[in-house]
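Architecture and fold: a report
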Amino acid sequence: MKAIIMAGGFGTRLRPLTNNLPKPMVPVANRPVMEYIVNLLRESGIRDLYSLLFFHPEAIEGYFGDGSAFGVRMRYIGAIDDYGTAGSVGNTRGIMDSTFLVISGDILLDFDLSLPIRFHREKGAMATIVLTRVLNPLPYGIVITNKEGRILRFLEKPTWGEVFSDTINTGIYILEPSVFEYIPEGREFDFSKDLFPLLLREDKPLYGYVADGYWKDIGGLDEYLTGNLDAISGRVKLPIPGERVEGRDLWLGRDAGVDYTVRIEGAVLVGNNSTVGRGSHLSNVVIGDNCTIGENVTITDSVIWDDVFIGNEALLQENIVGKGTRIMDHACLGEGAVVSDHCHIGHGSVIKANVKVWPHKVVEDGATLSSSLIWGERWSKSIFGTYGVTGLANIELSPEFACKLGAAYGATLRKGSTVSTSRDSHKACRMINRAIMTGLLSTGVNVNDYGVIPMPVARYLARISDEEGGIHTRRSPFDPELIDLKFFDGKGLDLHPSREKAVERLFYREDFRRAHLEETGELRFPIHALESYRNGFLSLIDEALIREASFKVVIDYSFGSSATVFPSILGRLNVDVVAVNANLDGSRITKSPGEFEKALSQLSNIVRSVGAHMGIFLDAGGEKIYIVDEKGDVMDGDGALKLFCLLVFRTCERGRVAVPVTASSAIEEMAGLYGFEVIRTKVSGRSIMEVSSAEGVVFAGENTGGYIFPQFQPAFDGMFSIVKLLEMRAKVGLGIHDLVREIPPRFLAHEKVACPWEMKGEMMRRLIEEAEGSPHQLIEGVKIFFGKDWVVAYPSHDHPHFHIIAESSTRAKAHELAMYFVERLRSWRDREVG
């Protein structure tokens, strides 16, 4: 007799375990479930087997081969398309020339199959369905038979009002070759929905046999876990691999090691070459081959696949852990959590109940994962980063995530308070912005939605209104797949880290305030917002001076929303503007480094060709600017910052300027000539904004195009910076090219050194030791002075590397100084790794 094993299913309900594995190959008690089916068929006298394959066929063929190792002859039939259960079996017509059996490759059972085969022959049936009785028949197809076993009725997926029987279809069929006459070729055709109802209508001999014994469909995650625990507890009669410890429900594979202090409860299987450390507690657990379980680990009611590492004092409860995954010390997996293959669950991290982690994901140390990690590569312990909240659009930063984050933020504010929302013109940002609004409103917080406006405008409006903060949604300027959420407070400053942590705590705990029906927030659309910004802007500008200068300026708006605000301001100042890319286009906001360089080159050419006084590239968010002088020369960020400082020194009353620790020392040199004080800050935008609010500060800036004039607002504002540049340029009466000649010549070199996260503290300690005996600063990282030259090394906030920036009187000397410290850090790092 021949048998067909249905082994082509996708295993959708078992995902993420079956993302890269066919369902029949999922392990039960450390063996593929299909292996138990092959053994059962052999023991029933059926040794001529055909496997129908579709999804990842190579995994099944590679494991079973020709079947000789399992005492059978195994052959394989592939499918070019999914034709359904009966349609797939139809591919064997001409091969199945006598009575044959069809069995699903993903069920766990211990039936004696010889009994239904004998029943089939005795009844002279064309088709016999093997049935079983279950407590809850709702998820299955019910079959009703008469006393002789003749099938009277089928009912697929009944409701309780339709449950007329507790006998269900097990997915095992005994068939005669004549059934092929009723199975069409080349189209989808199912046994339960199509073939059997057709045979019933045709009054063909269709029977059902109720089998005794264990049967379970392990096609869902809960059923899969239960099936494994049933296997090791003896509820299903299976040959458990390994040697049973006398008097205990403990099976040990070859070379398995369990410390004598380990507490065992219930049934436990430990696979080949696996070890369990002292003080651990195992209760109803399957552990695969080549696993390492640390000390004082607690695992209950769980299945661990092969090659898994679990660190000390980890806690697992009713979990499934895929092959090759590493779970580090003190990690905790909540009930029902599933972690797929080759994941890394960091030290002290928490995976909440019923969360699923897809293959090859990283959950960082200390992170709390409360929703399934499917598409993104990692889940950080901090939601907020250098650029606010950043994630892959509609994948990591989805509407569900945004709504939840909006609710977490709203829960940190007073009920009845007001915040703003704004965005750029991209359609994905509109979607995320609306999700954020929904979350905020649900906590009883009112929302002023400004729609598409530049971020500096939103920050300014927060300062002059009763708003307690705001959220701006934008497409990342650095990566077209990312969206950034920029949070700011009632002063227009980036949200303070302590506030960010408060939002994160509520987000991870999912402890959101929910407003009563009548207390939900109100959504408003202010109509005079841009007018307020323009009036405040122009009140701090010498309009007459700029009008008299009759400037001609080329401005590249980068397809951003500044093009809807800035032209009316420049029009009042009599500035002749050649506008480039001044239409809103959300699909062109992001620029790669190559596209950015091309845009600056184009801007340079236009400045020269039209004889403009300068060219300005205004970023899509309206925060930063990049300058081309009247000769068409593009200024780098460091040179532009020095230019702004010089103009401030020459045109403003004495005061203080704030620049990051990485800015040129030429700024101090110029400041001394004009009686100004220089304050050094950390490199982050938040730090520069905070210091710009200090008493006496008239200007703050950084090396990448961001400038602040705090008398207007303590935040980067590209539009105000452009007009201040024009005003100061008019006051001094010199072109930019001539002004640059007044700046002392100093040169910067910038390098990066890869450094693992866990070694950053060690590298900082060594840098401080290196600085001993030399003048140095510890504002951010370590800055060491060598006369007028200096080098600063600081760890990246977002990436596993160090920044090395050096300055000297020549470009070659700056590069040499930077490379010296690059080699120092590399040698320290490699020594530690070695």
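Before going into details, it helps to say that this report is about the structure given with it.

Rules used in this analysis
Residues numbered from 1 in each chain as written. Predicted model: local features only at pLDDT ≥ 70, side-chain atom pairs only at ≥ 80, totals over all residues. Heavy atoms only, no water. Helix = DSSP H or I, 4+ residues; strand = E, 2+ residues; numbered from the N terminus. Contact = heavy atoms within 4.5 Å. Areas by Shrake-Rupley, 256 points an atom, 1.4 Å probe, with all protein chains shown as cover. Phe/Tyr/Trp six-rings, centres within 6.5 Å; stacked < 30°, edge-to-face > 60°. Buried < 20%, exposed > 50% of the residue type's maximum accessible area, 1.4 Å probe, protein only. Lys NZ or Arg CZ within 6 Å of the ring centre and 35° of its normal. Disulfide = S-S within 2.5 Å. Lys, Arg positive; Asp, Glu negative; His and termini not counted. Salt bridge = Lys/Arg side-chain N within 4 Å of Asp/Glu carboxyl O. 1 Å grid on protein atoms, 1.4 Å probe; cavity = no way out; pocket = protein on both sides within 12 Å on 5 of 7 lines; lining within 4 Å. Points joined across faces, edges and corners; volume = space filled by probe spheres on them. Expected span 1.5 Å × (residues − 1). Axes fitted to C-alpha atoms, helices over the stretch in contact; angles between N-to-C directions. Parallel < 35°, antiparallel > 145°, perpendicular 65-115°, else oblique. Left-handed = near helix turned anticlockwise from the far one by under 90°. Nonpolar A, V, L, I, M, F, W, Y, C, P; charged D, E, K, R; others polar. Arc of directions from axis to C-beta. Pairing = 2+ DSSP bridges.

**A word on the overall build of the chain**
Helices and strands together make up the secondary structure of the chain, namely 21 helices and 53 strands. Sequence separation of 24 or more characterises 59% of the internal contacts of the chain that already satisfy a separation of 6 or more. When the accessible surface of the chain is summed, it comes to about 34400 Å², and 48% of that surface belongs to carbon and sulfur atoms.

**Digging into the packing of aromatic side chains**
The description of two aromatic rings rests on the distance between their centres and on the angle between their planes. Going through the model one piece at a time under the given rule, you end up with 33 aromatic pairs. On the numbers, 5.7 Å between centres and 70° between planes, the contact of F537 with F712 is edge-to-face. Residue F537 is found in helix α11 (residues 529-538), and its partner F712 is found in the loop between β48 (707-708) and α18 (718-732); the two are separated by 175 residues along the sequence. The burial state of F537 is the same as that of F712; both residues are buried. Plain terms: the ring middles of F537 and F720 are 5.0 Å apart, the flat faces sit at 75° to each other, and that makes the pair edge-to-face. Of this pair, F537 sits in helix α11 while F720 sits in helix α18, and the two are 183 residues apart along the sequence. When sorted by exposure, F537 lands in the same class as F720, which is buried. If you follow R326 out to its NZ or CZ, it ends over the ring of F309, 4.5 Å from the centre.

**Things to note about the state of the cysteines**
With the rule as written, the count across this model stands at zero disulfides. Counting only cysteine sulfurs, C403 is the nearest neighbor of C429, a cysteine outside any disulfide, at a range of 17 Å. Owing to a relative accessible area of 1%, C429 belongs among the buried residues under this scheme. Here C652 is not cross-linked by a disulfide; its sulfur's nearest cysteine counterpart is in C645, at 11 Å. Residue classification places C652 among the partly exposed positions, given a relative accessible area of 26%.

**Examining the side chain of E780**
In this fold, E780 is placed in the loop between β50 (776-777) and β51 (782-786). No salt bridge is formed by the buried E780. Its closest oppositely charged neighbour is K682, at 6.1 Å. In this structure, E780 is in contact with V661, K682, V683, S684, V792, A793, Y794 and H797, ignoring residues within four places of it in sequence.

**Structural notes on the layout of surface pockets**
Of the pockets and cavities examined, the second largest pocket occupies roughly 1400 Å³. Around the second largest pocket sit 48 residues that line it, and K23, T85, S104, D106 and D190 are the ones nearest its centre. At the level of elements, β4 (48-53), β5 (73-78), α3 (84-89), β6 (100-104), β11 (167-175), α5 (191-201) and β13 (215-217) are the ones that each hand at least two residues to the lining of the second largest pocket.

**Description of helix α15 (residues 637-651)**
Because an α-helix packs 3.6 residues into every turn, residues spaced three or four apart end up facing the same way. End to end, α15 covers 21 Å across 15 residues, agreeing with the expected 21 Å (1.5 Å per residue, within 8%). Among the 15 residues that make up α15, 13 are buried, leaving the element largely enclosed by the rest of the structure.

**Overview of the pattern of salt bridges**
In this structure the tally under the stated criterion is 35 salt bridges. When the shortest N-O distance is used, the salt bridge between E727 and K724 registers 2.7 Å. Placement of the pair is E727 and K724 together in helix α18, with a separation of three residues, close to one helical turn. Both residues of the pair, E727 and K724, belong to the buried class. One salt bridge in this structure joins E762 and R766, with 3.0 Å as the shortest N-O distance. Here R766 and E762 lie together in helix α20 (residues 760-771), a separation of four residues that amounts to about one turn. One network of salt bridges, with partners in common, ties together R459, R474, D484, D494 and E623.

**Describing the packing of helix α7 (residues 399-411) against helix α10 (residues 497-509)**
Look at α7 against α10: their axes get within 8 Å of each other, and the N-to-C directions meet at 120°. Considering the angle they form, α7 stands oblique to α10. The two elements α7 and α10 meet at a crossing, and its hand is right-handed. Packed against α7, whose contacting residues are F401, K404, L405, A408, Y409 and A411, the element α10 presents R499, V503, L506 and F507 at the interface. Classifying every residue of the contact of α7 with α10 gives eight nonpolar, no polar and two charged.

**Some thoughts on empty space enclosed by the protein**
Across all of its chains, the model carries three cavities of 30 Å³ or more by this definition. Of the pockets and cavities examined, the largest cavity occupies roughly 40 Å³. Every residue lining the largest cavity is listed: N30, R31, P241, G242, G253, L269, V270, G271, N272 and D289. Of the residues in the lining of the largest cavity, the class split is three nonpolar, five polar and two charged.

**A few points about helix α4 (residues 114-123)**
Every buried residue belonging to α4 is among P116, I117, F119 and H120, and all of these are buried. Buried positions in α4, seen along its axis, are confined to an arc of 160° and lie on one side of it. Facing away from the buried side of α4 by more than 90 degrees, the exposed set consists of R121 and E122. In the core, the buried residues of α4 are packed alongside β6, β8 (127-133), β11 and β12 (206-210). Of the residues trailing α4, G124 is marked for its positive phi of about 65°.

**A short note on the sheet that holds strand β49 (residues 747-754)**
With antiparallel pairing, five strands are arranged side by side in an open sheet as β49-β53-β52-β51-β50. The sheet terminates laterally at β49 and β50, the two strands that pair on one side only. Both β49 and strand β53 (residues 801-808) contribute to a ladder of eight bridges, which runs antiparallel. If you follow A749 over to β53, its bridge partner there is A806. Docked against the sheet, α20 engages β50, β51, β52 (789-795) and β53, running at close to 25° with respect to β51.

**A look at the sheet that holds strand β44 (residues 625-628)**
Judged by pairing direction, the sheet is mixed, and its four strands sit side by side in the order β42-β41-β43-β44 without closing on themselves. Looking at which strands have only one partner, the edges of the open sheet turn out to be β42 (576-580) and β44. Strand-to-strand twist in this sheet, taken as the mean axis angle between neighbours without regard to direction, amounts to 20°. Across five bridges, strand β41 (residues 552-556) lies against β42 in parallel orientation. Bridging across to β42, I555 finds its partner in A579. The strands that α18 touches are β41, β43 (614-618) and β44; relative to β43, the one it contacts most, it runs at about 165°.

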